[in-house]
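Structural description and commentary
The residues making up each chain are set out below.
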Amino acid sequence: MKLFLDTANVNEIKEAHELGVISGITTNPSLIAKEGRDFFETLKEIVGIVGDLPISAEVVATDVEGMVQQGEKLAKIGSGIVIKVPMTADGLKATKRFSDQGIKTNVTLVFSSTQALLAARAGATYVSPFIGRLDDINQVGMNLIEEVSQIISVHELPTQIIAASVRHSTHVIEAALLGSHIATVPFKVIEAMMKHPLTDAGVERFMKDWEGANQKTF
Ligand code: E4P
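Notes on the structure in this doc start here.

The rules behind each value
Residues numbered from 1 in each chain as written. Predicted model: local features only at pLDDT ≥ 70, side-chain atom pairs only at ≥ 80, totals over all residues. Helix = DSSP H or I, 4+ residues; strand = E, 2+ residues; numbered from the N terminus. Buried ≥ 20, exposed ≤ 12 C-beta atoms within 10 Å, placed from the backbone. Contact = placed C-beta atoms within 7 Å. Core = buried A, V, L, I, M, F, W, Y, C linked by C-beta atoms within 7 Å. Pairing = 2+ DSSP bridges. Axes fitted to C-alpha atoms, helices over the stretch in contact; angles between N-to-C directions. Right-handed = clockwise from strand over helix to strand, strands pointing away.

Turning to the overall build of the protein chain, a few remarks are in order. Along its length, the protein chain carries 11 helices and eight strands. Its C-alpha atoms give the protein chain principal-axis dimensions of roughly 70 × 40 × 30 Å. For the protein chain, the residues scored as buried account for 39% of the 218 residues in total. Within the protein chain, residue pairs in contact and separated by at least 24 positions form 54% of the contacts whose partners lie at least 6 positions apart.

This is the structure in structure tokens:
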């Protein structure tokens, strides 16, 4: 399973890219608003950092013509730009139009298997089931990953699943075990995935023992 970074913060993107663990970026209007910067400038800077890795950029129009117009403009920013569209009737129509033009799409705000199947049939490159927001309303978000994963695999659909709305590292492992192709994670989840108290204690112990070993320095 690949990892995408779910942020519009360029410092986080630089740091995670340097770690060598991320294969793409996802943004959304809330993440863009949080940074308080120009949308297009931010996307151009992200392209400068990650090159042609997939970068999801979301349209904010709610009608198909507006979505297509915005998406075509966004797609010109870089070869890795993926147009994120909401899982609505207009979003599906826009997905089909983008797919016919060879523009990649990420259908977002997916909360059921039927939505995921429709998005895949409309030609979505990626579908994003939101795990955390389902957990928030006392549904088991991971069940959706399991169902969508099975449907996509049984019917050999080319759409890739991005497990989204990931809140902690257990979500990442469960999504990987259930066959999600990708999990998009906030930077704090990458940090949490890296950490283990026994690693910290082990490094400290090795350093201390080395100090007492009377070896020549490197
Ligand atoms: C995914 O593409 C979304 O940007 C994101 O995962 C939403 O997560 P949230 O539910 O924590 O806002």
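Next, the rest of the story.
Looking now at the nonpolar core. Core analysis: the largest hydrophobic core is formed by 55 residues, its most contacted members being I55, I83, A119, V127 and A163. The residues touching I55, leaving out its near neighbours within four places in the chain, are G24, I25, L43, I46, V47, V50, G80, I81 and V82.

Around the barrel, which closes on itself, the eight strands sit in the order β1-β2-β3-β4-β5-β6-β7-β8 with parallel pairing between neighbours. If you compare each strand with its neighbour and ignore which way they point, the axes differ by 30 degrees on average. The sheet contact formed by strand β5 (residues 105-110) and strand β6 (residues 126-129) spans three bridges and is parallel. Bridged to N106 within β6 is Y126.

What follows deals with the pairing of strand β1 (residues 2-6). The side chains of a regular strand alternate between the sheet's two faces. For β1, the tally of buried residues reaches four of five residues, placing the bulk of the element in the interior. Where β1 meets strand β8 (residues 182-185), four bridges bridge the pair, whose relative direction is parallel. Pairing of L5 across the sheet is with V185, part of β8. In the classification by handedness, the crossover that spans β1, the intervening helix α1 (residues 10-19) and the parallel strand β2 (residues 24-26) is right-handed.

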